[in-house]
Amino acid sequence: VKEKFTFSMNYKGNNTITGMLIPGLKISPNTTIYGEYDSDSRNFGLFVRSPGVNYKEYEAKGVTIDFGKISEVVKSKIFLDSFQYKNLVLENFDADLEAYNDIVELGFGWFNSDKSTEADLDLALFLSDKNTMQLEINPGYIGREEAIWKIANTAHLDIDSTSFCMDTLLIQHNRQKFLTFGCVSENPEDRAYLEVEAFDLASVDTLLGGALASLSGRVNLNASIADLYEKQIVLAEGEISNLAYEEYELGNISLSSTYSGKDEDLDLEAKLTLKDEELLAFEGGYNISDENPLTGSIAMNSLDLDILNAFDIPEVNQYSGMASGEIEVTGDFNRPAMDGYIDFDQATFRVEYLNTYFTFSDRVRVEEDWFGIDYKPIYDSRGNEGFIVASAFHNNFSDWNYDISADVDNFFLLNTTRKLNNVYYGTAYGSGTLQLGGYEGFLEINVDARTSKGTVIKLPLDETEDVSLENFVYFVNDKEEGQSVDREADLSGVQLRLNVDATPDAEVQ
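Quick caveat: nothing in here was measured; it's all calculated off a predicted structure.

Calculation notes
Residues numbered from 1 in each chain as written. Predicted model: local features only at pLDDT ≥ 70, side-chain atom pairs only at ≥ 80, totals over all residues. Heavy atoms only, no water. Pairing = 2+ DSSP bridges. Helix = DSSP H or I, 4+ residues; strand = E, 2+ residues; numbered from the N terminus. Disulfide = S-S within 2.5 Å. Patch = residues over 30% accessible without salt bridge, like charges linked within 9 Å, V, L, I, M, F, W, Y side chains within 5 Å. Areas by Shrake-Rupley, 256 points an atom, 1.4 Å probe, with all protein chains shown as cover. Salt bridge = Lys/Arg side-chain N within 4 Å of Asp/Glu carboxyl O. Lys, Arg positive; Asp, Glu negative; His and termini not counted. Charge placed at Lys NZ, Arg CZ, Asp CG, Glu CD. Buried < 20%, exposed > 50% of the residue type's maximum accessible area, 1.4 Å probe, protein only. 1 Å grid on protein atoms, 1.4 Å probe; cavity = no way out; pocket = protein on both sides within 12 Å on 5 of 7 lines; lining within 4 Å. Points joined across faces, edges and corners; volume = space filled by probe spheres on them. Nonpolar A, V, L, I, M, F, W, Y, C, P; charged D, E, K, R; others polar. Contact = heavy atoms within 4.5 Å. Polar contact = N/O pair within 3.5 Å; in protein donor to acceptor, adjacent residues only side chain to side chain. Phe/Tyr/Trp six-rings, centres within 6.5 Å; stacked < 30°, edge-to-face > 60°.

### Quick word on the pairing of strand E8 (residues 103-111)
Side chains on a regular strand alternate between the two faces of the sheet.
So, point 1. Here seven bridges tie strand E7 (residues 88-100) to E8, and the two strands are oriented antiparallel to one another. Each residue of the ladder has a partner; that of Asp94, found in E8, is Gly109.
So, point 2. Between the end of E7 and the start of E8, which pair antiparallel, lie two residues, with Asn101 showing a positive phi angle near 50 degrees.
So, point 3. When E8 meets strand E9 (residues 118-129), the two strands line up antiparallel, connected through nine bridges. Bridge pairing in E9 places Glu105 opposite Ala124.
So, point 4. Between E8 and E9, which follow one another and run antiparallel, lie six residues, and Lys115 among them has a positive phi close to 65 degrees.

Next up, the structure:
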């Protein structure tokens, strides 16, 4: 029976039919489809134009598809104004597909108007039989205007029912290189290799808008895979040099690992060194089949606490000093559980609201989602001694909250200016009990103390500001014993409770 017909369709709708056939698929109104078919010539054509198509987290805008078959040749051209998956956006996406006999050729690329990413890639697939094929990767590029990664040569990947063999595939940008070659097969002696040279971690953000903008450093790596059908052995040795997080220098990380796919077991050793001094060392394993796959230990030696300033711990900042210790790690890489201790040497931190610095040199206990100090000596910036009990809780190193209590004697507790706090400011020395607690955006301060010499508190009352002390300062006759009045002031995220015995040494202006 001879068949020859054309058809057209204009999609107006509310996704009723497509929603039933493919849940999650949404097609924009005014999508048009044209087509024709001729059984004599065995030709077929299809043209689609749509303002937009959505499927779950995938979105394409300005869709044009031209698909056809003429004799034994199938051709397709796809153009998208933009394609988006989560934070990845590709503009002016263009793909050409041509298939004939046992050959499939594919070329595709994109170009973002802000020059954030672009690509031009070309592949060909040759099918010898159902078990044998060859993938040809031709010269092309991917990246962005100032960092283009080029495929420098034509490379071939030969695949049959039992083996994968790659001749040299080289991808490079200036001194940065990715090189892969070799075979994996039933022969356990065969091995495939991956070499990475001088790869800049910032390039991950450069290529497709990744999420490692805070990290910098260069990766050198040699990896191989062998005995794919039995033990599935993966070996890797590498280094990340000049590793930094934001503006904080971390040092160099060296690592070596062995993975056995048969046992689903990874053995890993890693070290962090800075200026030839070993600061951190990790030795352990990761077994995928275990409920808690991570087991290992961290040895810490004179680690600079300056790195803590990168994590924006609320209300407490400007860390300095050194830390050493031993910590056992279990759980999972995404949520490690730790148990051990850290010994601090001249660990100094600043309480932001008070603008005062404190120094601690003793041991801190480390447990899952918790750090703690049991009544240890602490010193103010003048060298006066107090004793501290502290806990810091976190949810996988985020959502920090803390509680600190200190017994102090003649401690330097306040050092603010009017610019830092226009409600009250000055310097304060005291003896008694100090408690700090809080989380991001909130700080609670409780003080039960008596003032010492050097205390000068200033309460600004000038014509340039509307200041009211009605709910902040309440004067009582010193003969009116037993009277207690609770007063509260709005200190914008700070809850302050003071029970202060103001001695004649203290001055209030």
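### Here's the deal with the state of the cysteines
So, point 1. All chains considered together, the criterion is met by one disulfide.
So, point 2. There is a disulfide in this structure between Cys165 and Cys183, and the S-S distance comes to 2.1 Å. Because the sign of the S-S torsion sets the handedness, a value of about 125 degrees for the bond joining Cys165 and Cys183 places this disulfide among the right-handed ones. Within this pair, whereas Cys165 is found in strand E14 (residues 164-173), its partner Cys183 is found in strand E15 (residues 176-184), the two being separated by 18 residues in sequence.

### Quick word on a negative patch on the surface
So, point 1. The grouping of Glu246, Glu247, Asp304, Asp306, Asp312, Asp399 and Glu440 at the surface amounts to a negative patch.
So, point 2. Secondary-structure assignment places Asp304 in strand E22 (residues 294-304).

### Focus on a nonpolar patch on the surface
So, point 1. A cluster of nonpolar side chains, contributed by Leu21, Ile22, Tyr55 and Tyr58, occupies part of the molecular surface with about 410 Å² of accessible area.
So, point 2. Position of Tyr58 among the secondary structure elements: in strand E5 (residues 58-70).
So, point 3. The exposure class assigned to Tyr58 is partly exposed, which follows from its relative accessible area of 40%.

### Observations concerning unusual backbone geometry
So, point 1. The backbone phi angle of Arg42 is positive, close to 60 degrees, even though this residue is not glycine.
So, point 2. Structurally, the position occupied by Arg42 is in the loop between strand E3 (31-38) and strand E4 (43-55).
So, point 3. Exposure remark for Arg42: the relative accessible area of 49% places this residue in the partly exposed category.
So, point 4. Phi at Tyr375 is positive, roughly 40 degrees, even though this residue is not glycine.
So, point 5. Relative to the assigned elements, Tyr375 resides in strand E27 (residues 370-380).
So, point 6. Residue Tyr375 is classed as partly exposed on the basis of its relative accessible area of 46%.

### Describing empty space enclosed by the protein
So, point 1. For the coordinates displayed, the defined rule picks out one cavity of 30 Å³ or more.
So, point 2. Of the volumes computed, that of the largest cavity is approximately 90 Å³.
So, point 3. Contributing elements (two or more residues each) for the lining of the largest cavity: strand E24 (335-351), strand E29 (401-416) and strand E30 (425-439).
So, point 4. Counting residues per element, the lining of the largest cavity draws most heavily on E29, at four residues.
So, point 5. For the lining of the largest cavity, the per-class residue count stands at 11 nonpolar, no polar and no charged.

### Focus on the environment of Asp167
So, point 1. Among the secondary structure elements, Asp167 is positioned in strand E14.
So, point 2. For the pair Asp167 and Cys183, spaced 16 residues apart in sequence, the C-alpha to C-alpha distance is 8.7 Å.
So, point 3. Excluding residues within four positions of it along the chain, Asp167 makes contact with Ala155, His156, Thr180 and Phe181.
So, point 4. A polar contact is formed between the side chain of Asp167 and the backbone nitrogen of His156, at a distance of 2.7 Å.

### Quick look at the packing of aromatic side chains
Two aromatic rings are characterised by how far apart their centres lie and by the angle between their planes.
So, point 1. According to the stated counting rule, one finds 18 aromatic pairs in the structure shown.
So, point 2. When the ring of Phe5 is compared with that of Tyr37, the centres are 5.8 Å apart and the planes differ by 45 degrees; the resulting orientation is tilted. Of this pair, Phe5 sits in strand E1 (residues 4-11) while Tyr37 sits in strand E3, placing them 32 residues apart in sequence.
So, point 3. Relative accessible area serves as the criterion here: at 28%, Tyr37 is assigned to the partly exposed category.
So, point 4. Counting every residue linked through ring pairs, the aromatic cluster contains Phe5, Phe7 and Tyr37.

Keep in mind these values describe shape, not function.
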